[in-house]
Structures are given as structure tokens and as C-alpha cells.
Amino acid sequence: MSHVTLRSRLQFEEGDSMVRFDEGAGLLVLIRHRELVALAMPPDDDQAPQRPPIRCESAGRVERISFSLDHQLAAVQRSAVDLDIFDLASGSTFPLAARSSGSSGLAARHRGRILGSHWPGSEACELAVVTTAGVELYRVLRERRSLKLLRRVSQPVSWSVYSHETRLMLLAAGQQDNLLSGLQLQPRSAVRLPRFEVLLSPLQGLPLAQPLAQGQQRPRRSLQARHVSVHRVYDALYCAHIDEEARKVVLYALYRDAVLRQHELPTHSARAALSVCDNLLVVHALDQQVATLFDLRINRSCPISAPLPLTTLPADGFSPVYSPHWLIAPPDKVVDPLAGRAGRLRLNLRAIAASSIDKVCLLEFLLLRSRSNLVLLEVLADALSELEPLPTLSRMFALLQQPAAQAALGAPVARDGAAAANAPVVRLTDSGRDNEALPAAVAVAPA
């Protein structure tokens, strides 16, 4: 029985559209020839009202689009140097063009190419524009139909990735694009991370000792954006690097004052993708078409269960599992453009419990999950009916008392899976290197 199930939450007609998922606004965007359509992903609560779709004319070429959190504005990138701001309420448009001149901040003569735009929705920055020359933070002046530059972070950028859940963007630079620096857009400020180096495995079949002909250069690997992502797990922030050559996922823990190469997780596949579901890291092995679950709080190197296929229900109408056209979006979304379906990953806690032998470890695992009360009671009842040894029962009841004791003392209970989407932004913290022992593999490059 599968441990992870994909359930459909949205149906759409793909047609000849380009399909994108806007993580920040929670919108599935269909970019058509003359029209832009944005569909809101329904919440898990079926009683919640469904938002009407957003429709507007594309008015030309569209390379990228991102919506504000209130769905009132949209940033439409039309080329490497031109970006338009749509006010969907009034229908007005005003440009942010890299070729403009002046001193208002919109006129960035040395801006370079636009790589993307994001809407953090904070006082420190309403709109962030990433370019090959750095990051520009703006406030939108809707009445004046203009943008006010709040801050410019100047540095060379080859590509960037952004996580709205953490409000953190990683900016790549260097000859192999493997020198990363981070910028977190907190509610009242923007915090920069130390620059760090992502170590790249050597290309297979090209031994380093192999002599080179005169004038010949050794082939170089470059880090690609599709192999890097940012994830929040148990209120900790990680940069995940999918190393296809080594068939592993390397997790770099992100702190305000340091970046630590902390975990290595096997993928057993040359092609992999990542999701986070209820504080579990889900590693999708696309070649083998299986999913593996990792709980970093219980075991930092081994999965909690064997790799098993991802399950879909026939009634949901998805294409075959891990079809090449699938879009796996953070943190737990999957979009199937050909089938016209979008859904969320869900844990099958009963299946995980049925495959577990260690009752104490299972109880510890379930206490960290949301919506696990019924399964918790079933596991406890089974332990009593199966006459588990008294030391085992004692440890199980001791685990059950810990959340109650924390609640009685006013301390937070570590069951934050369901509330993670609505929780405040997790701020970067200090690494505590002066107070506790940390792994020796500190991957920090000089700034």
C-alpha cells in the first residue's frame, strides 16, 4: 500500500496553453495566445467557497507572470528587458523597462536582463525584481501608476530560485554557477545570507587524471536552477541540491551567519524531484517511479520506509504516475497539464503505521504529524491488545505525555504540518556555533 497519495483539487482545460503554477498567489496560470487565465487552487476544506477565475488580455508576448498576494496586480515579463505591471481592478498598465532613462530607480541603465519577479507581500518589499545585475525591491504606488525603489542589491546573477513559503531567494554566480547567496524578505527587512559553494560531483566517464591535448580544456559542469530548491522543514530552512551524478540530495542548512552542508539523502535515481508534505521530505525517483519519505527529526540519513509507488485514484483522472509533462511544484503540488488536473500530495498515515514494526518510533513519528489523532489511538490500542512489553508501553505513554506537558507549560507543541501554510515567515536564525557543536562540513565561500 502506497504511503503518498496524489488527490486532485482542480480541473482545467489546457488546450494549447503554457501552464505555470504561481506558488505565492496560489494560482494555476494558463498563458494562451490572447488571454491569461488564473485559477485558484481550492483549499482542502471542501466547504470553503471557490474563488472565481481571473481573466485578462495578454496584450502581446508573455514569458513569465506573477500575481500579487491579493490577486489585484500582476507582473508580466515580455522580454529580457521589459516588464509590465497590470492593475487588474482598474485595467491600467504601467511598464518597468530596463531601457528607460532617468534617476527614479525604474531607469536601470546597467540593470541587465530581467530573470524574474516575485511578490513577497511585506513592508520591506512589495515587488522584487531579479536581474543579472542583482535584486531590486519596490513598493507599488497604485494611484500614481509607478514603482518606488526601496533598495537595490547589486551583484552578478546567472539565475535565481525563489521560495514564497520562506520568502527566500537564492542567487547563483561564479564560473560554474555554484556560488549561491541568499536574500530573505522578512516582514520589515531584507536579510542577506553568507555566500556558499555547492559542491559539484565530477562528470561520469571523465577521470580527472586523463591527460588533455594541448589547448584543450577539461569539460565543466554548471549548477542548474532545476537542481536547486528551498524548503522549510520543522521551521528550519534548507537549500536542497539534487546531485544527479551522485544520485543523492544534499541539504544545506541556512542560518543568518553560516551555511552548513548538513544532510545527504539517497535518491537511487538519475532523475529526482522534491516535495515537502507535513514536514516530511518526499524524494520522487522519476526513473523508478517511486516516492521515498525522510523525517529529518527522527532519522537524518535513512528513509522512514521503503520506496513505494505514488498512488492516484482513477476517478481523479491523472495521467500515468510521473509522466514527463508533470510539473511538481512546491511545497506539495503536482500539475498534470495534459490531463487538465492539479492536486496535492497527502500522506497515508494508516499505511505507514501498518508497515512499521517499532511501536515507539511510530508513535514519535505520528506525534509530529497533523491530523493523526485517530491513527494514534489505533496504534496505542493495538499495542495494548497485542500485550507489548511493559518497557515499550512505558516509553509510548511517556511520549504521549510530552505534548500535554508542553501545552500545560505554554510551550508550542511540535505538530505544525497543517498550519505551516498560514504560519508567519520563518526567519533566519543564528547557527549557534559558539554554543553547540555543529557538523564540520561548513560550505561557506568568501563573499
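Small disclaimer: the values here were computed from a predicted structure and weren't measured.

Q: Quick rundown of the overall build of the protein? Include the residues and the values.
A: Tallying secondary structure elements over the protein gives 4 helices and 29 strands in all. Counting the 447 residues in the protein, one finds 51% classified as buried. When contacts within the protein are restricted to residue pairs at least 6 apart in sequence, those whose partners lie at least 24 apart make up 49%. As displayed, the protein has an accessible area near 21,900 Å², and 51% of this comes from carbon and sulfur atoms.

Q: Tell me about the layout of surface pockets, and name the residues and values.
A: By volume, the largest pocket amounts to about 1,700 Å³. In terms of lining residues, the largest pocket is bounded by 47 residues, among which V161, Y162, L327, I328 and P330 are the most central. Secondary structure elements with two or more residues in the lining of the largest pocket: β2 (18–22), β6 (64–67), β7 (73–77), β10 (114–118), β14 (159–163), β19 (228–233), β23 (272–277) and β27 (327–329). Of the residues forming the lining of the largest pocket, the biggest block, 5 residues, is contributed by β14. The residue makeup of the lining of the largest pocket, split by class, is 26 nonpolar, 13 polar and 8 charged.

Q: Go over the packing of helix α2 (residues 359–367) against helix α3 (residues 373–385), please, and point to the residues and values.
A: Packing of α2 against α3 brings their axes to within 10 Å, and their N-to-C directions diverge by 165 degrees. When the interaxial angle is binned, α2 and α3 end up roughly antiparallel. Note on packing geometry: the crossing formed by α2 with α3 is left-handed. Counting all contacts with α2, which are made through K359, L362, L363, L366 and L367, the residues of α3 involved are V375, L376 and V379.

Q: Describe the packing of aromatic side chains, with residues and values.
A: Working definition: an aromatic ring pair is given by the centre-to-centre distance plus the angle between the planes. Under the counting rule described, the total for this entry stands at 3 aromatic pairs. Relative to W326, the ring of F318 lies with its centre 6.1 Å away and its plane at 65 degrees, an arrangement referred to as edge-to-face. Residues F318 and W326 agree in their burial class; the two are buried. Ring centres of Y322 and W326 lie 5.8 Å apart, and the angle between their planes is 65 degrees; this geometry places the pair in the edge-to-face category. Of the two residues, Y322 and W326, neither departs from the other in class, the shared state being buried. For the cation-ring pair, R297 lies above Y234, with the distance from its terminal atom to the ring centre recorded as 4.0 Å.

Q: Give me the environment of P42: which residues, what numbers.
A: If you trace the backbone, P42 turns up in the loop between β4 (35–40) and β5 (54–57). Given a relative accessible area of 12%, P42 falls into the buried group. Residues P42 and S8 lie 34 residues apart in sequence; the distance between their C-alpha atoms is 10.0 Å.

Q: Give a detailed account of the pairing of β7, specifying residues and quantitative values.
A: Summarising burial for β7: 5 of the 5 residues are buried, a large majority. Burial along β7 is two-sided: the face carrying L73, A75 and Q77 and the face carrying A74 and V76 are both buried. Strand direction decides the pairing type here: β6 and β7, joined by 4 bridges, are antiparallel. Within β7, the position partnered with S66 by the bridge is A75. The hairpin formed by β6 and β7 contains 5 residues between the paired strands, and H71 there has a positive phi angle of roughly 65 degrees. In this sheet, strand β8 (residues 82–87) lies alongside β7 in antiparallel orientation, the contact comprising 5 bridges.

Q: Lay out the sheet that holds β4 with the relevant residues and their values.
A: One open sheet accounts for 4 strands, arranged β2-β3-β4-β5; its pairing is antiparallel. A single partner strand is all that each edge strand has here, and the edge strands are β2 and β5. Averaged over all pairs of adjacent strands, the angle between strand axes in this sheet comes to 20 degrees, irrespective of strand direction. In this structure, β4 lies alongside β5, joined through 4 bridges in antiparallel fashion.

Q: Describe the pairing of β2, naming the residues involved and giving the relevant values.
A: Across 5 bridges, the pairing between β2 and strand β3 (residues 27–31) is antiparallel. Residue pairing across strands places R20 opposite V29, the latter belonging to β3.

Q: Tell me about the pattern of salt bridges, and name the residues and values.
A: For the coordinates displayed, the defined rule picks out 20 salt bridges. A salt bridge links E264 to K248; the nearest nitrogen and oxygen atoms lie 3.2 Å apart. Residue E264 is found in strand β22 (residues 259–266), and its partner K248 is found in strand β21 (residues 248–254); the two are separated by 16 residues along the sequence. Residue D332 is joined to K333 by a salt bridge in which the shortest nitrogen-to-oxygen separation is 3.3 Å. A relative accessible area of 11% means that D332 is categorised as buried. Bridged by salt links that share partners, the residues R32, E35 and R55 form one connected network.

Q: Can you lay out the side chain of S305 for me, pointing to particular residues and giving the numbers?
A: Tracing the backbone through its elements, the reader meets S305 in the loop between β25 (290–294) and β26 (311–312). Residue S305 is classed as buried on the basis of its relative accessible area, which comes to 13%. Within the structure, the side chain of S305 is placed 3.0 Å from the side chain of H3, a separation counted as a polar contact. Ignoring anything within four residues of it in the chain, the contact list for S305 reads H3, T292 and L293.

Q: Residues and numbers for α3, please.
A: For the α-helix, the turn length of 3.6 residues means that residues three or four positions removed from each other point alike. For α3, spanning 13 residues, the distance from its first C-alpha to its last is 18 Å, which sits close to the expected 18 Å at 1.5 Å a residue. Inspection of α3 places V375, L376, V379, L380 and A383 among the buried residues, and these make up the whole buried set. One face of α3 carries all of its buried residues, which in axial projection span an arc of 135 degrees. Exposed residues lying more than 90 degrees from the buried face of α3 are L374, L377 and S385.

Rules used throughout
- Residues numbered from 1 in each chain as written.
- Predicted model: local features only at pLDDT ≥ 70, side-chain atom pairs only at ≥ 80, totals over all residues.
- Heavy atoms only, no water.
- Helix = DSSP H or I, 4+ residues; strand = E, 2+ residues; numbered from the N terminus.
- Buried < 20%, exposed > 50% of the residue type's maximum accessible area, 1.4 Å probe, protein only.
- Contact = heavy atoms within 4.5 Å.
- Areas by Shrake-Rupley, 256 points an atom, 1.4 Å probe, with all protein chains shown as cover.
- 1 Å grid on protein atoms, 1.4 Å probe; cavity = no way out; pocket = protein on both sides within 12 Å on 5 of 7 lines; lining within 4 Å.
- Points joined across faces, edges and corners; volume = space filled by probe spheres on them.
- Nonpolar A, V, L, I, M, F, W, Y, C, P; charged D, E, K, R; others polar.
- Axes fitted to C-alpha atoms, helices over the stretch in contact; angles between N-to-C directions.
- Parallel < 35°, antiparallel > 145°, perpendicular 65-115°, else oblique.
- Left-handed = near helix turned anticlockwise from the far one by under 90°.
- Phe/Tyr/Trp six-rings, centres within 6.5 Å; stacked < 30°, edge-to-face > 60°.
- Lys NZ or Arg CZ within 6 Å of the ring centre and 35° of its normal.
- Pairing = 2+ DSSP bridges.
- Salt bridge = Lys/Arg side-chain N within 4 Å of Asp/Glu carboxyl O.
- Polar contact = N/O pair within 3.5 Å; in protein donor to acceptor, adjacent residues only side chain to side chain.
- Expected span 1.5 Å × (residues − 1).
- Arc of directions from axis to C-beta.

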